[in-house]
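Commentary on secondary and tertiary structure
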Amino acid sequence: MSNCPRYPVYVISKGRADCCLTANFLLEDGCPFHIVIEPQERSEYEKHYDPSLLLVLPFKNLGQGSIPARNWVWAHSKAAGAERHWILDDNIRKMERRYKGQRIRCEAGIALHHCEEFVERYSNIAIAGLNYSMFCP
């Protein structure tokens, strides 16, 4: 079993160069990923993250939320030959699993890999994802 997801991981981030929580915990967990940013924020993100982690969108300030960035990620993933991909928000502090009513910290790569393993068992799953812990009391 691998400790890394088999599909690419993208973190869409805007305005959080100094506090991109998701990037920080993914780095800590050793999980490979890219941060998707708008061009005007590149220099700020480069102060905090290795430039090789950054993917710069070809547009800025469209005022349409994250939908254009998500569509760009989808096209980028397909162009790279990936069957699927992960898109994570930039405000995630950690990943946890539930066991006997307890929340237990789980490394990101392992958590994503197990989700992929589950989805791969079936042929009728078009989209799958994780829940925020606030939705799982």
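The rules we used
- Residues numbered from 1 in each chain as written.
- Predicted model: local features only at pLDDT ≥ 70, side-chain atom pairs only at ≥ 80, totals over all residues.
- Heavy atoms only, no water.
- Buried < 20%, exposed > 50% of the residue type's maximum accessible area, 1.4 Å probe, protein only.
- Helix = DSSP H or I, 4+ residues; strand = E, 2+ residues; numbered from the N terminus.
- Pairing = 2+ DSSP bridges.
- Axes fitted to C-alpha atoms, helices over the stretch in contact; angles between N-to-C directions.
- Contact = heavy atoms within 4.5 Å.

**Examining helix α1 (residues 21-29)**
Along α1, the residues classified as buried are T22, A23, F25, L26 and D29. Following α1 by one or two positions, G30 has its phi on the positive side, about 75°.

**A look at the sheet that holds strand β1 (residues 9-12)**
The parallel open sheet is built from four strands, whose spatial order is β3-β2-β1-β4. Sheet topology places β3 (54-56) and β4 (86-88) at the edges, where each strand pairs with a single neighbour. The average undirected angle you get between the axes of adjacent strands in this sheet is 30°. One ladder, built from three bridges, connects β1 with strand β2 (residues 34-37); its direction is parallel. The residue bridging V11 from the neighbouring strand is I35, located in β2. Helix-sheet contacts for α1 involve β1, β2 and β4, and the interaxial angle to β1 is about 150°. Packing of helix α3 (residues 67-79) onto the sheet brings it into contact with β1, β2, β3 and β4, and relative to β1 it is tilted by some 160°.

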